[in-house]
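# Report on the structure
So the chains spell out like this:
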Amino acid sequence: TQYKTGKASLYAQGKRRYDRKQAGFGGQTKPVFHKKAKTTKKIVLRLQCNTCKAVCMHPLKRCKTFEIGGDKKGKGGLYQ
């Protein structure tokens, strides 16, 4: 399967510190990053062993769209 980051915890130390700093008046207290340079992400496959359940990550190349088990492209365009 494709690796995706899990849901962020509300009780992690950084999140608690950030929420405490943001509370009250004074607006945004930390910098918000806007200069995104990359348009794609590296695709990472999360491979799990069927016998011992060991997990390893296998990074692939960058691509805009990624589909597991999609239709195979036949030669010659329309005819298959």
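Below or above, wherever it landed, is the structure these notes cover.

Parameters and conventions
- Residues numbered from 1 in each chain as written.
- Predicted model: local features only at pLDDT ≥ 70, side-chain atom pairs only at ≥ 80, totals over all residues.
- Heavy atoms only, no water.
- Helix = DSSP H or I, 4+ residues; strand = E, 2+ residues; numbered from the N terminus.
- Contact = heavy atoms within 4.5 Å.
- Patch = residues over 30% accessible without salt bridge, like charges linked within 9 Å, V, L, I, M, F, W, Y side chains within 5 Å.
- Areas by Shrake-Rupley, 256 points an atom, 1.4 Å probe, with all protein chains shown as cover.
- Salt bridge = Lys/Arg side-chain N within 4 Å of Asp/Glu carboxyl O.
- Buried < 20%, exposed > 50% of the residue type's maximum accessible area, 1.4 Å probe, protein only.
- Pairing = 2+ DSSP bridges.

## Considering the overall build of the protein chain
- Broken down by element type, the protein chain carries one helix and two strands.
- N-terminal to C-terminal, the α/β element order of the protein chain is α-β-β.
- Contacts spanning at least 24 positions in sequence make up 25% of the contacts within the protein chain whose residues lie at least 6 apart.

## Looking at a nonpolar patch on the surface
- A contiguous nonpolar patch, built from Tyr 3, Val 55 and Met 57 and spanning about 270 Å² of accessible area, is present on the exposed surface.
- Topologically, Val 55 is positioned in strand E2 (residues 55-63).
- When its relative accessible area of 40% is taken as the criterion, Val 55 is described as partly exposed.

## Considerations on the pattern of salt bridges
- Evaluated as defined, the whole model comprises one salt bridge.
- Between Lys 15 and Asp 19 there is a salt bridge whose closest N-O contact spans 3.2 Å. With Lys 15 and Asp 19 both in helix H1 (residues 13-22) and four residues apart, this pair spans about one turn of that helix.
- Here Lys 15 falls in the partly exposed class, since its relative accessible area comes to 31%.
- Look at Asp 19 and you get partly exposed, because its relative accessible area is 33%.

## Examining the pairing of strand E1 (residues 41-48)
- Looking at chain direction, E1 and E2 are connected through seven bridges and run antiparallel. From the neighbouring strand, Lys 41 faces E2, where its bridge partner is Cys 63.
- Taking the residues that link successive antiparallel strands as the turn, the E1-E2 hairpin has six residues, and the phi of Lys 53 there is positive, at about 60 degrees.

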